[in-house]
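Chain and residue survey
If you want the building blocks of each chain, they are given just below.
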Amino acid sequence: WQFTFDGVVDVLRVSPSHGSATSELSVLGKGFIDTDSLACRYTPASLLTRALFVSSSQVICETPKLVELPAIDTWTGVGVEISLNGVDFSTAAASFIYVPPAKIAWIEPAEGPTRGGTVVQVRGNNFNYINHMPRCVFGGKSVHAVVVSASKILCTSPPREMTGLVTFDVTLNGQDYICTRDVFGSSCLDGQRMFGYHSTANLLSIDPTSGPFTGQTAVNVKGHFHYGSEYKCQFGDETVAAEFVDETSVDCLTPSHPPGSFPFNLEIDGKNARSSLLFEFYQPPTAYIAEPNRGHHSGGTTVEIKGQYFRQESQYKCAFDDTKEASANFVSQDTISCVT
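The structure reproduced in this document is the subject of the present report. Since the model is a prediction, treat every value here as computed from it, not as a measurement.

Before going further, it helps to examine the side chain of T335. Following the sequence through the fold, T335 ends up in strand β30 (residues 335-339). Under the relative-accessibility criterion, T335 is labelled buried at 3%. Residues within four places of T335 in sequence aside, it is in contact with E304, I305, K306, F310 and F330.

If you want it as structure tokens, here you go:
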């Protein structure tokens, strides 16, 4: 028989230091050796679990199963010790704190555009017991989260190339995930949470591209849009409500606005879909006099209409007796002409 004398094993700390469903703990210390009897002990209950050797300064411990622990409804501290032979344990013990399991009740909104940037509100409970490294995970992509209260977390969806549903999860300590747990099972009420990505709206064109500064011009916006989003048209610094027509069209009415050309943008769910489109507000034309004011009944008389603010880009028509119309030609800013 051969007996081996091992050196002193010292435990310094564990990571994470807090948790409610940790499937494994990283124990940091010194003097660890890779043996068949390497074990972890949780005190004061003296519960033993297997340990995985990583290096002389790190081992990975399994955590006790839920049924082996008292019911956890408040902070519960346990000591973590390491043994090389399953009998003799380190004199020092690192502290690990079990906390009540956090639960997710719902998330709102549960969808957003592929460009990302959607602020998601996570509702549930026990979020305040541990929040050293809060993160939201959208389909495997982790983003920073803010714990607002015991029942509320906020995070922002990251961009994604493809549309579709992805799993949604939350971790409060950087390791344990609320919805996907091996030890305690899922704490997402009603099952795994999902977040849906839909196409990012793209602005292609607007029609018309100009209107009188008095407003109330009907503008049709062409692009790629998503039903269920809230749309607003933005003319310069003025914002007005918009109506979703279909996946390629949104309508809105221009506001009153000082004359000039201004950037046009579409606000979608509070986010601005930037574009290079411009809308021009102009002074509406005014007609003063038509010369001559009479002509042959067979037609062919050229009539000049005098006024101001006529525009070469606009299309004008002359109406005779409110029944017959003739196209008008732009002559100058104060003159247009038509033929009877």
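Here we take up the state of the cysteines. Under the defined criterion, the tally for this structure stands at four disulfides. Between the sulfur of C40 and that of C61 lies a disulfide, 1.8 Å long from S to S. Between C40 and C61 the sulfur-sulfur dihedral comes to about -80°; the bridge is accordingly left-handed. On the criterion of sequence distance, the pair formed by C40 in strand β4 (residues 39-43) and C61 in strand β6 (residues 58-62) is long-range, its members being 21 residues apart. On the accessibility criterion, C40 (0% relative accessible area) is buried. Judged by relative accessible area, C61 falls into the buried class, the value being 0%. Here C136 connects covalently by a disulfide to C155, the sulfurs 2.2 Å from one another. Disulfide C136 to C155: torsion about the S-S bond roughly -90°, handedness left-handed.

Moving on: the packing of aromatic side chains. Scanning all chains against the criterion turns up ten aromatic pairs. Aromatic side chains F310 and Y316 sit 5.7 Å apart centroid to centroid with 80° between the ring planes, which places their arrangement in the edge-to-face category. Summarising the burial analysis for this pair, F310 and Y316 share the class buried. Among the aromatic residues, those joined into a ring-pair cluster are F235, F262, F264, F279 and F281.

What follows is about the pattern of salt bridges. Following the criterion strictly, the structure yields five salt bridges and no others. R41 is paired through a salt bridge with E81; the nearest N and O atoms lie 2.7 Å apart. Taken together, the residues R41 in strand β4 and E81 in strand β7 (residues 76-83) connect sequence positions 40 residues apart. Note on R41: relative accessible area 23%, which makes it partly exposed. A salt bridge links R311 to E280; the nearest nitrogen and oxygen atoms lie 3.1 Å apart.

This next bit is on the environment of I206. Position of I206 relative to the elements: it lies in strand β17 (residues 202-207). By relative accessible area, I206 is classed as buried at 7%. Between the C-alpha atom of I206 and that of F264, which follows or precedes it by 58 residues, the distance is 8.8 Å. I206 has contacts with V219, N220, V221, F264, L277, L278 and F279, leaving out every residue within four places of it along the chain.

What counts and what doesn't
Residues numbered from 1 in each chain as written. Predicted model: local features only at pLDDT ≥ 70, side-chain atom pairs only at ≥ 80, totals over all residues. Heavy atoms only, no water. Helix = DSSP H or I, 4+ residues; strand = E, 2+ residues; numbered from the N terminus. Buried < 20%, exposed > 50% of the residue type's maximum accessible area, 1.4 Å probe, protein only. Contact = heavy atoms within 4.5 Å. Disulfide = S-S within 2.5 Å. Phe/Tyr/Trp six-rings, centres within 6.5 Å; stacked < 30°, edge-to-face > 60°. Salt bridge = Lys/Arg side-chain N within 4 Å of Asp/Glu carboxyl O.

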